[in-house]
Amino acid sequence: MFYREAGQFKTSYAADMSIFPIRQDRIALGLLLAFAFLGVPLLAVLGVGSFGHDYIFKAILIPFLILALAAIGLNILTGYCGQISLGGGAFMAIGAYASYNFALRIPELPLLASILLGGGMAALVGILFGIPSLRIKGLYLAVATLAAQFFFDWVFLRVKWFTNYTPSGSVNAPRLDFFGWVVSSPVERYMLALMFVTAFALIAKNLVRGNIGRQWMAIRDMDIAAELMGIRPLYAKLSAFAVSSFIIGVAGALWAFVHLGSWEPLAFNIDRSFQLLFMVIIGGLGSILGSFLGAAFILILPIFLDQVPHALGIPMSVETVSHLVFIITGALICSLLIVEPHGFARLWGIAKEKLRLWPFPY
Amino acid sequence: MANLGPFLEVLIGGLLAGVLYSLVALGFVLIYKASGVFNFAQGAMVLLAGLALVRSLDLLVDRGLPFGFAVVGALLFAGAIMAITAWLIERYVLGPLVNQNELTLFMSTIGATFILEGAAQMLFGSDVYPLQLYPTDAWILLGELFPGGILISKLDVWGGLIAGVLVAGLAGFFQWTKTGRALRAVADDHAAAQSVGIPISWIWFVVWLAAGLVALVAATVWGTKLGVQFSITFLALKALPVLIIGGFTSIPGAIVGGLIIGAGEKIAEIYLGPHIGGGIEYWFAYVLALAVLLVRPQGLFGERIIERI
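All figures in this text were calculated on a predicted structure; none of them were measured in a lab. (Residues numbered from 1 in each chain as written. Chains lettered and ligands numbered in written order. Predicted model: local features only at pLDDT ≥ 70, side-chain atom pairs only at ≥ 80, totals over all residues. Heavy atoms only, no water.)

1. Thoughts on the overall build of chain B
Right, so step 1: Helix and strand counts for chain B stand at 12 helices and two strands.
Right, so step 2: Moving toward the C terminus, one meets the helices and strands of chain B in the order α-α-α-α-β-β-α-α-α-α-α-α-α-α.
Right, so step 3: On C-alpha atoms alone, chain B measures out to a radius of gyration of 20 Å, which is about the 19 Å that the 2.2 N^0.38 rule sets for 309 residues.
Right, so step 4: Reported as C-alpha extents along the three principal axes, the dimensions of chain B are approximately 65 × 60 × 35 Å.
Right, so step 5: The proportion of buried residues among the 309 residues of chain B is 53%.
Right, so step 6: Taking contacts inside chain B between residues at least 6 apart in sequence as the whole, the part at least 24 apart equals 73%.
Right, so step 7: Counting only carbon and sulfur atoms, one obtains 67% of the accessible surface of chain B, whose full area is about 13300 Å².
Right, so step 8: Side chains of chain B give 14 positive and 17 negative charges; the mean places of these two sets differ by 9 Å. (Helix = DSSP H or I, 4+ residues; strand = E, 2+ residues; numbered from the N terminus. Rg over C-alpha atoms; globule rule 2.2 N^0.38 Å. Buried < 20%, exposed > 50% of the residue type's maximum accessible area, 1.4 Å probe, protein only. Contact = heavy atoms within 4.5 Å. Areas by Shrake-Rupley, 256 points an atom, 1.4 Å probe, with all protein chains shown as cover. Lys, Arg positive; Asp, Glu negative; His and termini not counted. Charge placed at Lys NZ, Arg CZ, Asp CG, Glu CD.)

So, in structure tokens, the structure goes:
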């Protein structure tokens, strides 16, 4: 009824190529961004409801944004280029430790540059570990990427130079000073994460619908056919690894600096890699929106499930609750895969199609 | 000559430890061969089988049963639990996912892993339970040839023997029984197998049951080695490089891969570890596997990957 593109004529190529061709989508996105950039801080300042507490920022919003960014990175590699990777945690770690060392050893460097350079280091390592993908495919590649995960877990644990010889192996983030803007309160951290995520989501969206993104998708759909059509697998695959690792690396640096503050190598272990892969698959392979939906689901589900017995007043030991959370998470993942193997993004797409016809279904 | 003794000890210990990894890898191969599913839940199945075994064994021994009967009873109970698990997984997880791509199937087994881990610990408790089914002391061989002799753990030898028997049994099962031949047919082509009247869901149940029983055997060995506890699930991660070196589809490959990984890992840890910082066991297997894959993308014994347009 209200969600219909009737009467919206495109009179230029630019309009034809816009990310959101339907006006209602643009308005909805504008409202969402306005709420995220202005509404949430305003609510926090006014102290409305749960926005008045730091908890919602520290435990939900900031991790959500940063993990969504990492999921976008992984989605470029796995969803768009079809290369399954279980090394997401490792690339987050590389981004975090590289940025940390850039900030520590070259203090003149602006913090933004350290973070981006950290992403750059992750991209270099990503290219290195992407080389096997030219020969290895599918699940063999997935297991091979675990090599990156375990190797870098070990490197950051054992090679003390990376952790600046701190005895416990735990390091602290530098002061978050962005060209004079010192980020300290949870709301400011949230704003910072939001800016990064918005910028990278826009970049990623434009990459995947351009020339390079189409090459990635051709490789994903059938790499031999793509090669015969003149797409160079070397260039396409390695560029996917580079872009993906760069974004994951930046997300790792943000995770360490903005979310954790001080961290140990364990923060980026294999569970993180699996978590990222889950986000991408449950959210929807090959969808930027899906990365956000998947991140929200995987992050909020355990938090929510933890609260349920409390809320219902059922006495349960902490251990039982954690086992139940395991079981329910697993069951939900299985049932989601059965109901909609293409993830939340596809559900969203179906809902939009239905809405266009509503209330007259024919 | 003075260095040969310790070297042999490390080599033999590594080879035998590798066979224990193979025990876990075998379960992966069975399922991948028959259904093309990469079953990440194998580690959780080892945990479930081990917990079911050790808890029922303790219970039966407490009731005053002789140890031998108690072991048989506990094995039967754990076997029944694995059969139920196999049926549930086939019926509710994999059955509805027929014809999905392998990544989706892989993720669904990770979901199953969560369920199994949670359920196993909720039903049977989450402490460390010691299990004592095999001798755990060691032989000292060739004491007159080398100073100190060569130390060989009896448990590892038992593990090796069991793995050998299992592989021979499974090979025979695949080769000579009707169900085994049906399994190979399903592995070749689901649709063709179905069209000649092979019941796929029954075959998949059999395969998951076989993998569950292999998990039970692995649990007896690993449970004796480490005690039955949650960290046993990480065996799945140890078995993965074994698996890709041998190839996803080869049962002998799982054993050979285990030998290579076991020996390589131990030797690298002893002779390379001190130079670059120790603890390299953690990743060495994976890097070795990566190197092998670069030369042979389907693993040493895997079926040649043929790609068509």
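2. Examining helix α10 (residues 233-260) of chain A
All names here are of chain A.
Right, so step 1: Between its terminal C-alpha atoms α10 stretches 38 Å, which fits the 40 Å expected from 28 residues at 1.5 Å a residue.
Right, so step 2: Along its length, α10 reaches its greatest deviation from straightness, about 25°, at Leu 254.
Right, so step 3: Burial analysis of α10 places 22 of its 28 residues in the buried class, which makes it a mostly covered element.
Right, so step 4: One or two positions beyond α10, positive phi appears at Gly 261, with a value near 85°. (Expected span 1.5 Å × (residues − 1). Bend = angle between axes of the 7 residues up to and from the residue.)

3. Observations concerning unusual backbone geometry
All names here are of chain A.
Right, so step 1: The omega torsion of the bond from Trp 358 to Pro 359 falls at 0°, within 30 degrees of zero and hence cis.
Right, so step 2: Along the chain, the position of Pro 359 falls in the segment after α14 (343-357).
Right, so step 3: At Tyr 165, a position not held by glycine, the phi torsion is positive, near 60°.
Right, so step 4: Topologically, Tyr 165 is positioned in the loop between α6 (138-158) and β1 (171-172).
Right, so step 5: Taking relative accessible area as the criterion, Tyr 165 reaches 58% and is therefore assigned exposed.
Right, so step 6: In this structure, Phe 179 takes a positive phi of about 50° despite not being glycine.
Right, so step 7: With respect to the element layout, Phe 179 can be found in the loop between β2 (177-178) and β3 (181-182).
Right, so step 8: Given a relative accessible area of 64%, Phe 179 falls into the exposed group.

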